[in-house]
Amino acid sequence: MTHLAELPAWAQLLASFFILVGAFVTLIGAVGLLTLRSFYDRIHVPTLGSTWGAGGILLASIIIFSVLQSRAVLHEVLIAIFLTVTMPVVLMLLGRAALYRDRTEGVETVPPMEAVSGLPEDAPDETDGK
Amino acid sequence: MSATILMWSVTIAHVLLAVAMVCQAIRFIRGPRAQDRVMAFDAFYVSSMLLLLTFGIRTGTTLYFEAALVISLLGFVSTVALAKFLMRGEVIE
């Protein structure tokens, strides 16, 4: 732990705050993943870990390594950008896959296809870009 | 004094992230359907990536950062492939 003792006090306090915020928000997301009831409730909570969970720990990492090496260490921004871009894509695909599976099995709790598309009955069938 | 604070907060972050990974692993084992398991897996690799980043802060090496980057890349690709498989029954059509 010698390298951490070389940091000035403001950097240590700021980094501690961001690390704790990130880890705690990730834990809240994980507990929500365990306790929420249906899949469509649970699909919201992994975003806690990928936004402020990752953001806090990456900010702390940027602060610590930038102060230690006396230059701006920004390669953590790569991970932040990557998570911001990929997490909506993943959850969108997963939600659509779950909705498709529930509809084909005739689960009553999900809205049927007609109510979502909103097309009148006599309209020509359009492929909705699946 | 403040070095002790930072060391303790990194340790607490390790514990919190490990508990988060345990919760996600329980959901992965229990999850009633396949999409629950895939989502728990997705959250699991994000938490493991954060755990590796905190290890990197603790040891002061950038080696853990590379591992975290590789985990985030491979986790995205594998989750997309699994979601595609759940939807269509095959990955590459």
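The name an unreviewed UniProt entry gives chain B is Cation:proton antiporter, with Hyphomicrobium nitrativorans NL23 as the organism. Listed under Subcellular location (unreviewed entry) in UniProt, the entry text for chain B is "Cell membrane". As recorded by UniProt, the Sequence similarities (unreviewed entry) comment attached to chain B reads in full: "Belongs to the CPA3 antiporters (TC 2.A.63) subunit F family."

In the annotation of an unreviewed UniProt entry, chain A is listed under the name Cation:proton antiporter and assigned to Hyphomicrobium nitrativorans NL23.

Visitor: Would you take a moment to explain the interface of chain B and chain A for this structure?
Guide: Taken together, the 53 residues of chain B in the interface contact 56 residues of chain A. Taking both partners together, chain B and chain A bury about 4,700 Å²; carbon and sulfur atoms supply 79% of that area. When residues of chain B are sorted by the area they lose upon contact with chain A, Met39, Ile57 and Met87 of chain B head the list and together hold 15% of the total. The tally of links between chain B and chain A comes to three salt bridges. The residue Asp102 of chain A makes a salt bridge to Arg33 of chain B at a minimum N-O spacing of 2.7 Å. Our count for the contact surface shared by chain B and chain A stands at seven residue pairs in polar contact (both at pLDDT 80 or more).

Visitor: Please explain the pattern of salt bridges as it appears in this structure.
Guide: Opposite charge on two side chains makes pairing possible when the charged atoms of those side chains draw close. This model, assessed by the stated rule, comprises three salt bridges over all chains. Shared partners join several salt bridges into a network, and the residues in it are Asp102 and Glu105 of chain A together with Arg33 of chain B.

Visitor: Mind showing me how you'd approach the UniProt feature "transmembrane region" (unreviewed entry) in chain B here?
Guide: All names here are of chain B. When the UniProt feature table is mapped onto this chain, "transmembrane region" (unreviewed entry) is found at residues 6-26, 38-57 and 63-87. Annotated as 100% helix and 0% strand, the span residues 38-57 places its first and last C-alpha atoms 29 Å apart. Secondary structure content for residues 63-87 is 100% helix and 0% strand, and the end C-alpha separation is 37 Å.

Visitor: Honestly, helix 2 (residues 34-59) of chain B in this entry has me stumped. Any pointers?
Guide: In an α-helix, one turn spans 3.6 residues, which is why side chains three or four residues apart end up on the same side. Over its 26 residues, helix 2 of chain B extends 37 Å from the first C-alpha to the last, a length consistent with the 38 Å expected when each residue adds 1.5 Å. The element helix 2 of chain B is largely enclosed, with a buried count of 19 among its 26 residues.

Visitor: Mind showing me how you'd approach the nonpolar core here?
Guide: Nonpolar side chains tend to gather and get buried jointly when the protein is soluble and globular. Grouped together as the largest cluster of nonpolar side chains are 53 residues, with contacts concentrated most on Ile19, Ile64, Ile79 and Leu94 of chain A together with Leu6, Leu50 and Leu53 of chain B. Contributing elements (two or more residues each) for this core: helix 2 (9-35), helix 4 (46-69) and helix 5 (76-104) of chain A together with helix 1 (2-30), helix 2 and helix 3 (63-88) of chain B. Counting residues per element, this core draws most heavily on helix 2 of chain B, at twelve residues. With residues near it in sequence (within four places) discarded, Leu53 of chain B still touches Ile57, Leu58 and Ile79 of chain A together with Phe65 and Ala68 of chain B.

Criteria and cut-off values
- Residues numbered from 1 in each chain as written.
- Chains lettered and ligands numbered in written order.
- Predicted model: local features only at pLDDT ≥ 70, side-chain atom pairs only at ≥ 80, totals over all residues.
- Heavy atoms only, no water.
- UniProt positions renumbered as here; feature names shortened; annotations may be inferred.
- Contact = heavy atoms within 4.5 Å.
- Buried area = accessible area lost by both parts, 1.4 Å probe.
- Salt bridge = Lys/Arg side-chain N within 4 Å of Asp/Glu carboxyl O.
- Polar contact = N/O pair within 3.5 Å; in protein donor to acceptor, adjacent residues only side chain to side chain.
- Helix = DSSP H or I, 4+ residues; strand = E, 2+ residues; numbered from the N terminus.
- Expected span 1.5 Å × (residues − 1).
- Buried < 20%, exposed > 50% of the residue type's maximum accessible area, 1.4 Å probe, protein only.
- Core = buried A, V, L, I, M, F, W, Y, C linked by side-chain atoms within 4.5 Å.

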